[in-house]
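An overview of the molecular structure
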Amino acid sequence: MFSFSVIIPCYHDEKKLAQLLGQLQKLPHHPAEIIVVDGANSQTCRDMCAQHGACWVASEPCRGRQLLQGAALAQGEVFWFLHADLRLPPDPLTAMTQALAQGAVGGYFRFQFDAPRAWPALILEPAIALRSRFGVPYGDQGIFVKRNAYFAIGGHAPWSLFEEVSLVQGLRRLGHFQPLLEPLWVDPRRWQRDGWWRRTWHNRQLAIRFACGVSPDKLAEQYRARRS
């Protein structure tokens, strides 16, 4: 099995992070290291990482730069990028190992909403699978990549939004980028808070504007203003 470095960007999400770190500890196969890159420079997050045997690193609150910083420190043969609010399948390292052993340079997991679920999830999940297959899977789908491939294409973009777009496009040019059948369960709280269709439409608007050349930094500012 390959040696895996798990890299987790975090920003004021310690409760969810604690649950994820606990899941990683209980996997049948353990990653070689876990690196948490904390954009809030939180002592609570730092203490939590120490309790779970994870490496804690302080960073500015920009997800792309956090991921780049974590990758620069990682020593594993494979980088696995996770958001703090995900729930893992039973044996994800074996699933990734099988894909990589068959020649993939990287891949991603299937997006599935965690409980409590609502009926829009039944429509959104296959739509997200279609978008991921022919477009770009986002960071909440557990993107994994061989170390040498990651650095060969320059890694993530140093942006707060859409930081994985150039990474995925580069990996697909480099070799096979494998979609896995195993799901990662995504916390639905933001869809519940904003409204399932309203949040989906807002996310599509951001993606369309990004594709039309609007700066990711400008989009991130508008996204934060909308949330506040």
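Above this note sits the structure.
Scope of this entry: the structure provided in the associated data block. Here the structure is a predicted model, which is why all the values come from computation and not from measurement.

Assigned secondary structure in the protein chain consists of 10 helices and eight strands. For the protein chain, the C-alpha radius of gyration of 17 Å lies close to 17 Å, the compact-globule estimate for 228 residues. Seen through its principal axes, the protein chain has C-alpha atoms that stretch 40 × 40 × 35 Å. Here the protein chain holds 228 residues, and the buried ones make up 53% of them. For the protein chain, long-range pairs separated by at least 24 residues make up 77% of all intrachain contacts whose partners lie at least 6 apart in sequence. Here the protein chain has roughly 10800 Å² of accessible surface; of this, 54% comes from carbon and sulfur atoms. A distance of 6 Å separates the average location of the 26 positive side-chain charges in the protein chain from that of its 19 negative side-chain charges.

Looking now at the nonpolar core. Judged by nonpolar contacts, the single largest core of 40 residues is most densely connected at Ile8, Leu24, Val36, Trp80 and Leu82. Top element by residues in this core is helix H4 (residues 92-101). It accounts for five residues. The contacts of tryptophan 80, once residues within four sequence positions are left out, are Ser5, Val6, Ile7, Leu24, Leu88, Pro92, Leu93, Met96, Phe109, Gly142, Ile143 and Phe144. Val37, Ala74, Leu171 and Ala220 belong to the second-largest nonpolar core, a separate cluster that totals 30 residues.

We now examine the sheet that holds strand E6 (residues 106-113). Pairing within the open sheet is mixed, and its eight strands lie in the order E3-E2-E1-E4-E7-E6-E8-E5. For this open sheet the edge positions go to strand E3 (55-58) and strand E5 (86-87), each flanked by a neighbour on one side alone. Taken together, the two bridges between E5 and strand E8 (residues 177-186) define a ladder with antiparallel strand orientation. Its bridge partner lying in E8, arginine 87 is registered against tryptophan 185.

With that settled, consider the packing of aromatic side chains. Taken as a whole and judged by the stated rule, the model has 16 aromatic pairs. Arranged with centres 5.4 Å apart and planes meeting at 85°, the rings of tyrosine 150 and phenylalanine 151 form a pair that is edge-to-face. Taken together, Phe79, Phe81, Tyr150 and Phe151 form an aromatic cluster joined through their ring pairs. A cation over a ring is seen here: arginine 87 above tryptophan 185, with NZ or CZ 4.3 Å from the ring centre. The ring of tryptophan 191 is capped by arginine 199, whose NZ or CZ atom sits 5.1 Å from the centre of that ring.

Turning our eyes to something else, we now look at empty space enclosed by the protein. Applying the stated criterion across every chain yields a total of one cavity of 30 Å³ or more. In this structure, the largest cavity spans a volume of roughly 60 Å³. Residues belonging to the lining of the largest cavity are distributed by class as follows: five nonpolar, three polar and three charged.

Turning next to the pairing of strand E2 (residues 33-38). Remember that side chains alternate between the two faces of the sheet whenever the strand is regular. Most of E2 sits inside the fold, with five of its six residues counted as buried. Here six bridges tie strand E1 (residues 4-10) to E2, and the two strands are oriented parallel to one another. Each bridged residue has a counterpart across the sheet, and for valine 6 the counterpart in E2 is isoleucine 34. What joins E1 to E2 is helix H1 (residues 14-26), and the crossover it makes is right-handed. When E2 meets E3, the two strands line up parallel, connected through four bridges. The residue of E3 that forms the bridge with valine 37 is valine 57. After leaving E2, the chain enters helix H2 (residues 43-52) and then returns to the sheet as E3, a path that is right-handed.

With that out of the way, let us pick up the layout of surface pockets. Taken as a whole, the largest pocket spans an internal volume of roughly 1300 Å³. If you trace the largest pocket, you find 43 residues lining it, with Arg63, Leu161, Arg190, Arg199 and Tyr223 closest to the centre. For the lining of the largest pocket, the secondary structure elements donating two or more residues are E1, helix H3 (63-73), E6, helix H5 (120-134), helix H8 (189-194), helix H9 (196-211) and helix H10 (216-227). Ranked by residue count, the leading element in the lining of the largest pocket is H9, at five residues. Residues of the lining of the largest pocket, tallied by class, amount to 19 nonpolar, nine polar and 15 charged.

Parameters and conventions
Residues numbered from 1 in each chain as written. Predicted model: local features only at pLDDT ≥ 70, side-chain atom pairs only at ≥ 80, totals over all residues. Heavy atoms only, no water. Helix = DSSP H or I, 4+ residues; strand = E, 2+ residues; numbered from the N terminus. Rg over C-alpha atoms; globule rule 2.2 N^0.38 Å. Buried < 20%, exposed > 50% of the residue type's maximum accessible area, 1.4 Å probe, protein only. Contact = heavy atoms within 4.5 Å. Areas by Shrake-Rupley, 256 points an atom, 1.4 Å probe, with all protein chains shown as cover. Lys, Arg positive; Asp, Glu negative; His and termini not counted. Charge placed at Lys NZ, Arg CZ, Asp CG, Glu CD. Core = buried A, V, L, I, M, F, W, Y, C linked by side-chain atoms within 4.5 Å. Pairing = 2+ DSSP bridges. Phe/Tyr/Trp six-rings, centres within 6.5 Å; stacked < 30°, edge-to-face > 60°. Lys NZ or Arg CZ within 6 Å of the ring centre and 35° of its normal. 1 Å grid on protein atoms, 1.4 Å probe; cavity = no way out; pocket = protein on both sides within 12 Å on 5 of 7 lines; lining within 4 Å. Points joined across faces, edges and corners; volume = space filled by probe spheres on them. Nonpolar A, V, L, I, M, F, W, Y, C, P; charged D, E, K, R; others polar. Right-handed = clockwise from strand over helix to strand, strands pointing away.

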